[in-house]
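# Descriptive analysis of the structure
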Amino acid sequence: MSRIAIVNGLLADPAGDAPAPGVVLIEGDRIVAAGTVDVPSDAERIDAQGLVVAPGLVDLGVFATDKPAFHFGGITRAALMPDQSAPLDEVGLIRQATRAGKPDFWVHPIAAATRGLAGHEMAEIGLMQAAGAKAVGTGRQWIADSGVMLRILSYSSGLGLTVIAHAEDGGLTAKAVATSGETATRLGLPHAPACAEAMAIARDLMLVRQTGATIHFRLVTTRAGFDLIRAAKAEGLRVTCGISPAYLFLNDQAVTDFRTFTRLSPPLRSEEDRQASLAAVADGTVDVITSSHDPRGPEDKRLPFADAAPGMAGAETLLALSLNLVRDGLVSMGRLMALLSANPARILGVNAGSLTSDAAADLIFVDADVPWIVDSGRMAAAAGNTPFDRLPVQGRVRRIMKGGQFL
């Protein structure tokens, strides 16, 4: 079995703090050791040339597999949402999805919780788990029927699967495209109150308390929502939550000129909620940062704001935008890699996203300070629908390794 020693790098260990000099020793497709390591004489030496060496990103909740964007952004594993042209609600579709990234990246399908994502009849979750599903998801909608959600949580708990939930009460948000407030009112956009998020979270937490299930709220974006998550964690409930960079660095004023690239689900929030989101990242309430990658072409975005499809191309800006959290002193580099790699891998139940012994040898070499400008017209993604067009950022992936092989 071949041995590789990555030397002269700064290791960004999710279990650590600041990047530190060290060696990563790899045998086959697994990490053997990382840190202060004696390099075997028969190991092939790879010079990292002072770059940050970190686990490949594990993107928990993408809506499309997109090789160029994933490679640009350093994503080695992607959890694919069930919201596809044919919802991932049967075994054959799950098997097909698991093969979608080979040999370039790993795809971990999220099984649809209900048939057709309609929210009524529970799908064959056990069979889909056997076919490769790593979690169960409600998709981009809330399951209104509490009885159905109770059964999904109970059944998934018995299988050891996390339920990935959308946190918006559909009775309030059904036709809304913006958050209630001055901006939505001035623009005349259909809107819903931000409390729709907390209402959905509160209901689901009650069901988690009843069933003992594990739940992950894919995107939490409001102060009230984070307060509920904090209280649930303090109580000992098995709950985690995520966020994407858009809700950390943009507020609802970004939709002022009807830019459909800012049409997201859930919609952008107030400045108060944006600040609450940053605080939730800093204090450990947020467990995951995801790109929510959803490339949409002109047929979906070159429309009136209320008619445009939600979503943004986020894979290739995920790392660069998230590095702002380190520069602003909100998190350490190690904590950032936990948010981007180790925690999502743990939620999915895959042995990846870390530098520990026997973890998958999925690594990225990062130049953390190199500047570049986001350009929607030149993105590697299948479409350039980013709300961060023309934004100067720092940090790029220079090399990427999957399973001990450089891509």
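Since this is a predicted model, take the numbers as computed values, not measurements. Sequence positions are assigned chain by chain, starting from 1 and proceeding in written order. For this predicted model, a pLDDT threshold of at least 70 governs which residues receive local features, and a threshold of 80 or more governs which side-chain atom pairs are given and counted, while totals over whole chains, interfaces and linings are taken from all residues. Heavy atoms from the whole structure form the basis of all side-chain values; hydrogens and water molecules are not counted.

## Points about the overall build of the protein chain
- Helix and strand labels come from DSSP, where a helix needs a run of H or I of at least four residues and a strand needs a run of E of at least two; each type is numbered from the N terminus. When you go through the protein chain residue by residue, the secondary structure sums to 13 helices and 18 strands.
- Relative to its length of 407 residues, the protein chain is compact, with a C-alpha radius of gyration of 20 Å against a globular reference of 22 Å.
- Per-residue burial for the protein chain yields a buried fraction of 58% across its 407 residues.
- Looking at the protein chain alone, contacts between residues at least 24 apart form 71% of all its contacts between residues at least 6 apart.
- We get accessible surface area from the Shrake-Rupley algorithm with a probe of 1.4 Å; when it comes to residues, only the shown protein chains can shield them. Carbon and sulfur atoms provide 50% of the accessible area of the protein chain, an area that totals close to 15500 Å². In this description the radius of gyration comes from C-alpha coordinates, and the expected globular size is given by 2.2 Å times residues to the power 0.38. Think of it in three bands: residues with accessible area under 20% of the maximum for their type are buried, residues over 50% are exposed, and the middle band is partly exposed, with areas taken using a 1.4 Å probe on protein chains only. Residues are treated as being in contact if the distance between any of their heavy atoms lies within 4.5 Å.

## Section: the UniProt feature "domain: Dihydroorotase catalytic" (unreviewed entry) in the protein chain
- UniProt positions are given in the numbering used here, feature names are shortened, and annotations may be inferred rather than shown by experiment. Mapped onto this numbering, the UniProt entry annotates "domain: Dihydroorotase catalytic" (unreviewed entry) at residues 57–222.
- Between the C-alpha atoms that bound residues 57–222 there is a distance of 25 Å. The span itself is 37% helix and 19% strand.

## Details of the packing of aromatic side chains
- Pairing of aromatic rings covers Phe, Tyr and Trp, the last through its six-membered ring, and needs centres within 6.5 Å; plane angles under 30 degrees mean stacked, over 60 mean edge-to-face, and all others mean tilted. In this structure the tally under the stated criterion is three aromatic pairs.
- The interplanar angle of 70 degrees and the centroid separation of 5.3 Å between the aromatic rings of F72 and W372 together place this pair among those described as edge-to-face. A residue pair is termed long-range when its members are at least 10 positions apart, and F72 in helix α1 (residues 67–73) and W372 in strand β16 (residues 363–373) qualify at 300 residues.
- Taking 5.7 Å as the distance between ring centres and 90 degrees as the angle between the ring planes, the aromatic pair formed by F365 and F406 counts as edge-to-face. You can see F365 sitting in strand β16 and its partner F406 sitting in strand β18 (residues 405–406), a full 41 residues away along the chain.
- Residue classification places F365 among the buried residues on the basis of a relative accessible area of 1%.
- The class of F406 is partly exposed, set by a relative accessible area of 26%.
- Only when the NZ atom of a Lys or the CZ atom of an Arg is both within 6 Å of the ring centre and within 35 degrees of the ring normal do we say a charge sits over the ring. Across the ring face of F63, the terminal group of R140 is positioned such that the distance to the ring centre comes to 3.9 Å.
- In this structure, R396 is placed above the aromatic ring of W372, and the distance from its NZ or CZ to the ring centre is 5.5 Å.

## Quick look at unusual backbone geometry
- Residue P103 follows K102 across a cis peptide bond; omega there is 0 degrees.
- Inspection of the secondary structure assignment puts P103 in the loop between α2 (91–98) and β8 (106–112).
- With phi around 60 degrees, N8 is a residue other than glycine that occupies positive phi space.
- If you trace the backbone, N8 turns up in strand β1 (residues 3–11).
- Phi at Q49 takes a positive value of approximately 55 degrees, unusual for a residue other than glycine.
- Relative to the assigned elements, Q49 resides in the loop between β4 (44–47) and β5 (52–55).

## Observations concerning the pairing of strand β14 (residues 239–243)
- A large share of β14 lies buried, amounting to five of its five residues.
- Residues V239, C241 and I243 of β14 are buried on one face, and the alternating residues T240 and G242, pointing to the opposite face, are buried as well.
- Note: two strands are recorded as paired if DSSP finds a minimum of 2 bridges between them. Where strand β13 (residues 215–217) and β14 come together, three bridges link them in parallel fashion. Within β14, the residue paired with H216 across the bridge is T240.

## Brief notes about the state of the cysteines
- In plain terms, two cysteine sulfur atoms within 2.5 Å form what is called a disulfide here. Summed over the entire model, instances satisfying the criterion amount to zero disulfides.
- Left without a disulfide partner, C195 is nearest to the cysteine sulfur of C241, which lies 18 Å away.
- According to the relative accessible area criterion, C195 is partly exposed, its value standing at 39%.
- Taking relative accessible area as the criterion, C241 reaches 0% and is therefore assigned buried.

## Regarding helix α12 (residues 318–327)
- α12 sits mainly inside the fold: seven of its 10 residues count as buried.
- All of the buried residues along α12 are L318, L319, A320, L321, S322, L323 and L325.
- A positive backbone phi angle near 80 degrees is found at G329, which sits one or two residues after α12.

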